[in-house]
Amino acid sequence: MSGSGRISCPLCGANNFDTVTVCWKCGASLAGGQSRPPTSSGTAATGASHPPQHVSGVAGYSSAAGRSTHAAFWLGLLFPYIGLPVGLVFMMLDDDRRYEIGRLCVIWSCVSLAVHILVLMLVSIGMREILFAMIQGARGAASRAGGMGGYGGPGL
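How each quantity is defined
- Residues numbered from 1 in each chain as written.
- Predicted model: local features only at pLDDT ≥ 70, side-chain atom pairs only at ≥ 80, totals over all residues.
- Heavy atoms only, no water.
- Helix = DSSP H or I, 4+ residues; strand = E, 2+ residues; numbered from the N terminus.
- Buried < 20%, exposed > 50% of the residue type's maximum accessible area, 1.4 Å probe, protein only.
- Contact = heavy atoms within 4.5 Å.
- Areas by Shrake-Rupley, 256 points an atom, 1.4 Å probe, with all protein chains shown as cover.
- Expected span 1.5 Å × (residues − 1).
- Salt bridge = Lys/Arg side-chain N within 4 Å of Asp/Glu carboxyl O.
- Patch = residues over 30% accessible without salt bridge, like charges linked within 9 Å, V, L, I, M, F, W, Y side chains within 5 Å.
- Arc of directions from axis to C-beta.
- Phe/Tyr/Trp six-rings, centres within 6.5 Å; stacked < 30°, edge-to-face > 60°.
- Lys NZ or Arg CZ within 6 Å of the ring centre and 35° of its normal.

Colleague: Break down the overall build of the protein for me, citing the residues and quoting the values.
Modeller: When helices and strands are tallied, the protein shows three helices and two strands. Along the chain direction, N to C, the helices and strands of the protein fall in the order β-β-α-α-α. Relative to its full complement of 156 residues, the protein shows a buried share of 20%. Long-range contacts, defined here as pairs at least 24 residues apart, represent 44% of the contacts in the protein between residues at least 6 apart. Accessible surface, the protein: about 10,900 Å² in total, of which carbon and sulfur atoms supply 68%.

Structure, rendered in structure tokens:
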């Protein structure tokens, strides 16, 4: 069964599927095939001493970090009932970046839920007054009509 193997990036040491041609983390080409596993410092064992480069032209990596924070903010703010569990799942992941995205989503979901509850309480208070006015109007109409059903009395 093909497609189940992994390739370590020669530049940053990130774990990639063997079906991709560029690294998901740094954008380096993986066309060289299977690379050596990373060393304890996080760089590949190829002797490269420079830090990983973030290539903006490959899959939009540099702007993906900004978009993910914006997406977490809007998800938490606009859809708090979805954003809260999604944020909690992201916080359970081992990646620090995903943890921060989940934390941001949980914070804004809690803020949005507090605002939602406040608005719900204000609307329910307003609806209570409208409901009481409707009940009073119905009682008044029933008493003016002579009781239940609106019949005029025994003579009719």
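Colleague: Just give me the short version of helix H3 (residues 96-144), but keep the residues and values in it.
Modeller: Taking 1.5 Å of rise per residue, the 49 residues of H3 would be expected to cover 72 Å, and the 71 Å separating its terminal C-alpha atoms lies within 8% of that figure. Of the residues making up H3, those classed as buried are Ile 101, Gly 102, Cys 105, Val 106, Ser 109, Ser 112, Leu 113 and Gly 140.

Colleague: Any chance you could break down the pattern of salt bridges for me, citing the residues and the numbers?
Modeller: This model, assessed by the stated rule, comprises three salt bridges. Residue Arg 98 is joined to Asp 95 by a salt bridge in which the shortest nitrogen-to-oxygen separation is 4.0 Å. Taking relative accessible area as the criterion, Asp 95 reaches 31% and is therefore assigned partly exposed. Of the charged contacts in the structure, one is a salt bridge between Arg 103 and Glu 100, with a shortest N-O distance of 3.0 Å. Placement of the pair is Arg 103 and Glu 100 together in helix H3, with a separation of three residues, close to one helical turn.

Colleague: Explain the side chain of Asn 16 residue by residue, including any values.
Modeller: Topologically, Asn 16 is positioned in strand E2 (residues 15-17). The class for Asn 16 is buried, based on a relative accessible area of 2%. Not counting residues within four places of it along the chain, the set of residues in contact with Asn 16 comprises Gly 5, Arg 6, Ile 7, Cys 9, Val 22, Cys 23, Trp 24 and Leu 30.

Colleague: Account for a nonpolar patch on the surface, naming residues and giving values.
Modeller: There is a patch of nonpolar side chains on the surface, built from Ile 107, Val 111, Val 115, Val 119, Val 123, Met 127, Ile 130 and Met 134 and spanning about 700 Å² of accessible area. Relative to the helices and strands, Ile 130 is located in helix H3.

Colleague: Now, about helix H2 (residues 80-91): what can you tell me, with residues and values included?
Modeller: Helix length check: H2 (12 residues) gives 16 Å between terminal C-alpha atoms against 16 Å at 1.5 Å per residue, within 8%. Residues Pro 80, Gly 83 and Gly 87 constitute the buried set of H2. Along the axis of H2, the buried residues cluster in a sector spanning 55°; they form a single face.

Colleague: Could you give me a rundown of the environment of Trp 108, with the residues and numbers involved?
Modeller: Locating Trp 108 in the fold gives a position in helix H3. Separated by 33 residues in the primary sequence, Trp 108 and Leu 75 have C-alpha atoms spaced 8.2 Å apart. Excluding residues within four positions of it along the chain, Trp 108 makes contact with Phe 73, Gly 76 and Leu 77.

Colleague: Lay out the packing of aromatic side chains with the relevant residues and their values.
Modeller: Enumeration according to the criterion identifies two aromatic pairs in this entry. An angle of 75° between the planes, with centres 4.8 Å apart, marks the rings of Phe 73 and Trp 74 as edge-to-face. On the basis of relative accessibility, which here comes to 23%, the residue Phe 73 falls in the partly exposed class. When the centroid spacing of 4.8 Å and the interplanar angle of 85° are considered together, the rings of Phe 73 and Trp 108 count as edge-to-face. Here Phe 73, found in helix H1 (residues 61-78), pairs with Trp 108, found in helix H3; they are 35 residues apart in sequence, far enough to count as distant. Connected via pairs of aromatic rings, a cluster forms that spans Phe 73, Trp 74 and Trp 108. Above the face of the Phe 17 ring, Arg 6 is positioned so that its terminal group lies 4.1 Å from the ring centre.

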